[in-house]
Amino acid sequence: MRYKRPRRPRSLRIYECHVGIASDEPKVASYLHFADRVIPRIVQLGYNAIQLMAIMEHAYYASFGYQVTSFFAASSRYGTPEELKYLVDTAHSQGLVVFLDVVHSHASKNVLDGLNKFDGSNSCYFHDGGRGEHSLWDSRLFNYKSWEVMRFLLSNIRWYLEEYGFDGFRFDGVSSMLYHTHGIGHGFSGDYNEYFGLNTDTEAFNYLQLANHLLHSVYPDVVTIAEDVSGMPGLCRPVSEGGGGFDYRLGMAIPDKWIELLKETPDEQWNIGNIVHTLTNRRYQEKTVAYAESHDQALVGDKTIAFWLMDKEMYDFMSVLSPLTGIIDRGMALHKMIRLITHALGGEAYLNFIGNEFGHPEWLDFPRIGNNESYHYARRQFKLVDDDLLRYKFLYAFDSAMNRLETKHGWLGSGDPGYVSCKHEDDKVIVFERTSLIFVFNFHMSKSFTDYKIGIEAPGKYKIVLDSDAAEFGGHSRLDHSTNYFTFNEGYAGRRNHAFVYIPCRVAFVLAKSD
């Protein structure tokens, strides 16, 4: 490695990636292609962390890397181990930290090229009988009580840190590990009895504690993220407090909420209070990675936010030379608004899946028998952004501007969760403050508001620093950026001062003090 590891970022802006799909061409892309062609884009977009999926070797490409066969082997389908090191080193040279999507929750059932029946028995690395089988994933489950299993898994994370230079881990399938039922067939309401009882797999929890204790004791700048849908209390508190030791958990309810709204609820019936609740409903002093969508929503069988919003019209009306249809206009407006409010209010870190930042059309489908082993949908078409005649460039530019604003003001790592001063159901307006910035959203499909009164804590003169309706982002330029917004010394909406603003329909903008 030629370059030192970057310091752990205070604000995490994560770009979730799959090396194999990172090319415009219908093929498996390489580590070298990713390092030389994709990392510059990630830097341009303003992200400071890369999260790599499907690195641990897996025989079945379409498993998205989640059916691991060789835990210590970096996947050879993208290149050599030295080329993976070059990728990580290139990221470090650009100030990016690199996380590995590590799969310690289960393993492939493969016998010839996997761990299954390694010594001829069912119970070498895994539980014997039903406890060693995951009924939905058709995979084997580790016996975390075994010292040899713990040595194997702990050595595995150390290997990727020291041999390849990774800076942290996203632990996959943590909810499956934490409960004997693996979270199958029941939800979690927040009642503590659902988390701490006979259903809790204490052996798996102790392994996670041990892994986090090892990582944070030996490598102080390491970052660990739990993929946990259950919301177990204390999972992201230090092991010394009896917690799980993770730095962050994924805010998995947020993308589910957006997809639910886009699938089932007309715009005029969106429950503004419920949106705010979903974005702010996280455990005190336990950090959350917020995201509007990840790889789960991009896979075949689901749709990305862009595809839910614009669907087939993306094929015919994304050119700037074609008419701006109502569907495309609405889709682009909401795509920007959904991402900004998730970024600004949803957590203490932000994540985006490769290509979704510019509204990548269609779904993600790996080669398999059902699609005649086609790579047509197993790629990311960055050429769409590079074509100046296509509207994808506007969404790409907005994503970059959003990250640049966070870089300057640092709301994710500020420790300030935000103060929501307005969530108006009829007006569909949300206003909140975070790190002295004022975020204003109007989700109404047709109503614009002049002289809309909003509460502001700090007195002074404010100006627009980000506007989803700006021409550079494909908007209609309905806001005048030269306007000065002065506060009045009279409290409103729980704030000590107030101001009056113009809020066009389906627009979000951000105000910052200018004096």
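Everything in this summary refers to the structure shown in the same document. All values reported here derive from a predicted model rather than from experimental measurement. (Residues numbered from 1 in each chain as written. Predicted model: local features only at pLDDT ≥ 70, side-chain atom pairs only at ≥ 80, totals over all residues. Heavy atoms only, no water.)

Remarks on the environment of C17
Going by this rule: Elements are defined by DSSP. Helices are runs of H or I of four residues or more, strands are runs of E of two residues or more, and each kind is numbered from the N terminus. When checking whether two residues touch, look at their non-hydrogen atoms; a contact exists if any pair is within 4.5 Å.
With respect to the helices and strands, C17 occurs in strand β1 (residues 12–18). For the pair C17 and S294, spaced 277 residues apart in sequence, the C-alpha to C-alpha distance is 9.7 Å. Dropping the residues within four chain positions of it, C17 is found in contact with F34, I42, I50, Q51, L52, M53 and I354.

Here we look at the pairing of strand β19 (residues 497–503)
Note the cut-off: Burial classes follow relative accessibility: with a 1.4 Å probe on protein chains only, a residue under 20% of its type's maximum area counts as buried, one over 50% as exposed, and anything between as partly exposed. When DSSP finds at least two bridges between two strands, those strands are taken to pair.
Here β19 lies mainly inside the structure; 5 of its 7 residues are buried. Where strand β16 (residues 449–456) lies against β19, 6 bridges are found, and the strand directions are antiparallel. Across the sheet, the residue bridging to I456 is N497, located in β19.

Side note on the pattern of salt bridges
Pairing between side chains becomes possible if they bear opposite charge and their charged atoms approach one another. Put simply, the test is: A pairing counts as a salt bridge when a side-chain nitrogen of Lys or Arg comes within 4 Å of a carboxyl oxygen of Asp or Glu.
Per the counting criterion, the structure on display carries 37 salt bridges. With its nearest N and O atoms 3.8 Å apart, the salt bridge here joins K27 to E25. Between E433 and R495 there is a salt bridge; the shortest N-O distance is 3.5 Å. Separated by 62 residues along the polypeptide, E433 in strand β14 (residues 429–434) and R495 in the loop between β18 (485–486) and β19 bring together distant segments of the chain. Its relative accessible area of 15% is what places R495 among the buried residues. Bridged by salt links that share partners, the residues D101, R170, D172 and E227 form one connected network.

Re the pairing of strand β2 (residues 49–53)
Our working rule: The path from the first strand over the helix to the second decides the hand: if it runs clockwise while the strands point away from the viewer, the crossover is right-handed.
Within β2, 5 of the 5 residues are buried, leaving the element largely enclosed by the surrounding structure. Of the two faces of β2, the one lined by A49, Q51 and M53 and the one lined by I50 and L52 are each fully buried. For the crossover from β1 across helix α1 (residues 31–45) to β2, the handedness is right-handed. When β2 meets strand β5 (residues 97–102), the two strands line up parallel, connected through 4 bridges. Following the sheet pairing, A49 is matched in β5 by V97.

Here we look at the side chain of H360
Examined against the element boundaries, H360 turns out to sit in the loop between β12 (349–353) and α11 (383–386). Take H360: its relative accessible area is 2%, and that puts it in the buried class. If near-sequence neighbours (up to four positions away) are discounted, H360 is found in contact with T304, G355, R379, R380 and Q381.

Examining the packing of helix α6 (residues 253–264) against helix α7 (residues 272–280)
Filter applied, for reference: Inter-axis angles, ranging from 0 to 180 degrees, are taken between N-to-C directions of lines fitted to C-alpha atoms, where helices are fitted over the stretch in contact. The cut-offs work like this: below 35 degrees is roughly parallel, past 145 is roughly antiparallel, 65 to 115 is roughly perpendicular, and the gaps in between are oblique. Should the near helix be turned counterclockwise from the far one by less than a right angle, the crossing is left-handed, whereas a clockwise turn marks it as right-handed.
One can describe the packing of α6 onto α7 by two numbers: an axis separation of 9 Å at closest approach and a directional angle of 160 degrees. Classified by the angle between their axes, α6 and α7 sit roughly antiparallel to one another. Read as a crossing pair, α6 and α7 show a hand that is left-handed. Taken together, the residues of α7 that come into contact with α6 (itself represented by A253, I254, K257, W258 and L261) are N274, I275, T278 and L279.

What about the packing of helix α3 (residues 147–164) against helix α5 (residues 202–218)?
Quick note on the threshold: Polar here means any residue outside two lists: the nonpolar Ala, Val, Leu, Ile, Met, Phe, Trp, Tyr, Cys and Pro, and the charged Asp, Glu, Lys and Arg; Gly therefore counts as polar.
Where α3 contacts α5, the two axes come as close as 11 Å, and the packing angle between them is 35 degrees. When you trace α3 past α5, the crossing you get is right-handed. Counting all contacts with α3, which are made through M150, L153, L154, I157 and L161, the residues of α5 involved are Y207, L210, A211, L214 and L215. Of the residues in the contact of α3 with α5, the class split is 10 nonpolar, no polar and no charged.

Points about the packing of aromatic side chains
Counted only if it meets this: The rule is short: rings of Phe, Tyr and Trp, with Trp giving its six-membered ring, pair when the centres are within 6.5 Å, and they are stacked under 30 degrees, edge-to-face over 60, tilted in between. Definition used: whenever NZ (Lys) or CZ (Arg) falls within 6 Å of the ring centre and also within 35 degrees of the ring normal, the charge is taken to sit over that ring.
Scanning the entire structure with this criterion turns up 39 aromatic pairs. Considering the side-chain rings of W159 and Y164, the 6.2 Å spacing of their centres and the 80 degrees angle between planes classify their relative orientation as edge-to-face. Judged by relative accessible area, which is 31%, W159 ranks as partly exposed. The side chain of K85 reaches across the aromatic face of Y164, ending 5.8 Å from its centre. Sitting over the face of the ring of W308, K303 holds its NZ or CZ atom 4.6 Å from the ring centroid.

Points about the nonpolar core
Inclusion rule: Among buried residues, the Ala, Val, Leu, Ile, Met, Phe, Trp, Tyr and Cys ones that are joined through side-chain atoms within 4.5 Å form a nonpolar core.
Grouped together as the largest cluster of nonpolar side chains are 132 residues, with contacts concentrated most on F34, L52, F142, F171, Y207, W258 and F441. Those residues in contact with Y207 that lie beyond four places of it in its chain are H104, Y144, M150, L153, L154, F171 and M177. Within the second largest apolar cluster, 19 residues are counted, among which are C422, I454, V501 and L511.

Regarding the sheet that holds strand β13 (residues 419–424)
Ordered in space as β13-β14-β15-β20-β17-β18, the 6 strands form an open sheet in which the pairing is antiparallel. Whereas interior strands pair on both sides, the edge strands pair on one side only; in this sheet they are β13 and β18. Relative to β18, strand β17 (residues 461–467) is paired through 2 bridges, and the arrangement is antiparallel. Note on β18: the bridge partner recorded for K461 is F486. Sitting on the sheet, α7 touches β13 and β14, and the angle it makes with β13 is about 155 degrees. In the packing of helix α10 (residues 326–345) onto the sheet, the strands contacted are β13, β14, β15 (437–442), β17 and β20 (507–513), and the crossing angle to β14 comes to about 35 degrees.

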